[in-house]
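For reference, the chains in residue letters:
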Amino acid sequence: MHIAVAGNIGCGKTTLTNMLAKHYGWEPRFESVEFNPYLEDFYADMGRWSFNLQVYFLNKRFKDVVDIANSDQYIIQDRTIYEDARIFAPNLHRQGFMSDRDFENYSDLFDLMMSLVKMPDLMIYIRSTIPNLVAQIQKRGRAYESSMRIDYLQGLNELYENWIVDYKGKLLIIDGDTIKFGDRPEDFRYITDRIDAELFGLFPFEATSEHGREVKWEMRNEKGEMRKSVAHIKAKAFAVRIVKFSKFLENEKREYILSKQILRSGTSIGANLHEC
């Protein structure tokens, strides 16, 4: 099974991936940033290195998707191949850091790759505002991110929102500004409740925290439509099965009683004949 975590730079994807992998015993797949041969050059000169960086990410991500598809394990992935092609590459293109020729070449390559793989079984999207992203980026203190521009982050955020509206697979949206899953155990529990309901059909807690805050999430079906929770559907299906089973037992009981009556009648007739 393939569970994917998506969201802008600094939203907490790696933290959530780590926590969920530990909680469920899933195998994590992380985005490699420490050994990326293009990343530092890219932040220094986006126009020169944008195409190289995006092809590098696309190649790595496609290998991950193929490996996940061939695995029988539960795997949770930090960042997805969709984000490379639907957010980062278009953002670079529209800001003038990737030429039309390179962007068309890249997009054709992505479309070909996607024709060979399926969507994740569950997409978890962490929605976040720019101030929250900036605070998180500053908190983790990666040197190569120190020169990142605000308009670059803003462009990514707009593309993320455009992408997620049209996403057709199973989707769970988390408000990263208010759901502090890394700091508050109760917030992380709400996320796992949503995942349990989506993947395993288990009943979730109520959608408010102990402090009365509204917990924001959404669930959609494969068509991208808002729908009732899996827990509700499973409960209804279970109730129907119980009713059917009760009717079955009632019929069995009637047949058993009728059989005993027939046997008793037969015994009485036999006894009468013997007396005659």
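Computed from a predicted structure; not experimentally measured.

**Looking at the overall build of the chain**
- When you go through the chain residue by residue, the secondary structure sums to nine helices and six strands.
- Burial analysis of the chain (276 residues in total) assigns 42% to the buried set.
- Look at the contacts in the chain between residues 6 or more apart in sequence, and 75% of them connect residues 24 or more apart.
- Counting only carbon and sulfur atoms, one obtains 55% of the accessible surface of the chain, whose full area is about 15600 Å².

**Remarks on helix α1 (residues 13–24)**
- In a regular helix each residue adds 1.5 Å, so twelve residues correspond to 16 Å; α1 covers 16 Å between its end C-alpha atoms and thus fits that length.
- Burial in α1 covers these residues: Lys 13, Leu 16, Thr 17, Leu 20 and Ala 21. All buried residues of α1 project into a common sector of 130° when viewed along the axis, lining one side.
- Phi turns positive one or two residues past the end of α1, at Gly 25, with a value near 75°.

**Some points on the environment of Asp 72**
- Note on placement: Asp 72 falls in the loop between α3 (46–69) and β3 (75–78).
- Take Asp 72: its relative accessible area is 67%, and that puts it in the exposed class.
- Sequence separation between Asp 72 and His 2 is 70 residues; the distance between their C-alpha atoms is 9.6 Å.

**What to know about the nonpolar core**
- Ranked by internal contacts, the top residues of the largest apolar core, which has 62 residues, are Ile 9, Leu 16, Ile 81, Ile 124, Tyr 152, Trp 163 and Ile 195.
- Among residues more than four places away in sequence, those in contact with Ile 81 are Leu 58, Arg 61, Phe 62, Val 65, Phe 110, Met 113 and Met 114.

**Section: the pairing of strand β5 (residues 171–175)**
- By the criterion of burial, β5 is predominantly enclosed, with five of the five residues buried.
- Neither face of β5 is left uncovered, since the one carrying Leu 171, Ile 173 and Asp 175 and the one carrying Leu 172 and Ile 174 both have all their residues buried.
- Bridge analysis of strand β4 (residues 122–127) against β5 gives five bridges, and the strand direction is parallel. Across the sheet, residue Tyr 125 finds its bridge partner in β5, namely Ile 173.

**Side note on the packing of aromatic side chains**
- Going through the model one piece at a time under the given rule, you end up with 13 aromatic pairs.
- Residues Tyr 38 and Trp 49 carry aromatic rings whose centres are separated by 6.0 Å and whose planes lie at 45° to one another, so their mutual orientation is tilted. With Tyr 38 in the loop between β2 (27–29) and α2 (39–44) and Trp 49 in helix α3, this pair connects stretches of sequence that are eleven residues apart.
- A cation over a ring is seen here: Arg 48 above Trp 49, with NZ or CZ 3.9 Å from the ring centre.
- One Lys or Arg, Arg 189, reaches over the ring of Tyr 190 and ends 5.8 Å from the middle of that ring.

**As for helix α5 (residues 100–114)**
- For α5, spanning 15 residues, the distance from its first C-alpha to its last is 21 Å, which sits close to the expected 21 Å at 1.5 Å a residue.
- Listed as buried for α5 are Phe 103, Tyr 106, Phe 110, Met 113 and Met 114. Taken end-on, α5 shows its buried residues confined to a sector of 90°, consistent with a single buried face. For α5, the exposed residues set more than 90 degrees away from the buried face come down to Asp 100, Arg 101, Glu 104, Asp 108 and Leu 112.

**Observations regarding the packing of α1 against helix α8 (residues 185–200)**
- Contact geometry of α1 with α8 gives a least axis separation of 12 Å together with a crossing angle of 65°. When you trace α1 past α8, the crossing you get is right-handed. Residues Leu 16, Met 19, Leu 20, His 23 and Tyr 24 of α1 form the contact with α8, whose own contacting residues are Phe 188, Ile 191, Thr 192, Ile 195, Asp 196 and Phe 200.

**A few points about the pairing of β4**
- Of all the six residues making up β4, five are buried; the element is thus mostly covered by neighbouring parts of the structure.
- Note that strand β1 (residues 2–7) and β4 share five bridges and pair parallel. Residue Val 5 lies in a different strand from β4, and its bridge partner there is Ile 124.

**Focus on the pattern of salt bridges**
- One pass over the structure, following the stated rule, counts eight salt bridges.
- For the salt bridge of Asp 84 with Arg 61, the shortest nitrogen-to-oxygen distance reads 2.7 Å. Placement of Asp 84 in helix α4 (residues 81–94) and of Arg 61 in helix α3 is noted, with a sequence separation of 23 residues between them. For the pair formed by Asp 84 and Arg 61, the shared burial category is buried.
- In this structure, the salt-bridge partner of Glu 161 is Arg 127, at a minimum N-O distance of 2.9 Å.

**Digging into the packing of α4 against α5**
- Relative to each other, α4 and α5 sit at 170°, their axes nearing to 11 Å. Put simply, α4 runs roughly antiparallel to α5. Between α4 and α5, the contacting residues are Ile 81, Tyr 82, Asp 84, Ala 85, Arg 86, Ala 89, Pro 90 and His 93 on the first element and Asp 100, Phe 103, Tyr 106, Phe 110, Asp 111, Met 113 and Met 114 on the second.
- Here the residues of the contact of α4 with α5 are counted per class, giving ten nonpolar, one polar and four charged.

Conventions used here
Residues numbered from 1 in each chain as written. Predicted model: local features only at pLDDT ≥ 70, side-chain atom pairs only at ≥ 80, totals over all residues. Heavy atoms only, no water. Helix = DSSP H or I, 4+ residues; strand = E, 2+ residues; numbered from the N terminus. Buried < 20%, exposed > 50% of the residue type's maximum accessible area, 1.4 Å probe, protein only. Contact = heavy atoms within 4.5 Å. Areas by Shrake-Rupley, 256 points an atom, 1.4 Å probe, with all protein chains shown as cover. Expected span 1.5 Å × (residues − 1). Arc of directions from axis to C-beta. Core = buried A, V, L, I, M, F, W, Y, C linked by side-chain atoms within 4.5 Å. Pairing = 2+ DSSP bridges. Phe/Tyr/Trp six-rings, centres within 6.5 Å; stacked < 30°, edge-to-face > 60°. Lys NZ or Arg CZ within 6 Å of the ring centre and 35° of its normal. Axes fitted to C-alpha atoms, helices over the stretch in contact; angles between N-to-C directions. Left-handed = near helix turned anticlockwise from the far one by under 90°. Salt bridge = Lys/Arg side-chain N within 4 Å of Asp/Glu carboxyl O. Parallel < 35°, antiparallel > 145°, perpendicular 65-115°, else oblique. Nonpolar A, V, L, I, M, F, W, Y, C, P; charged D, E, K, R; others polar.

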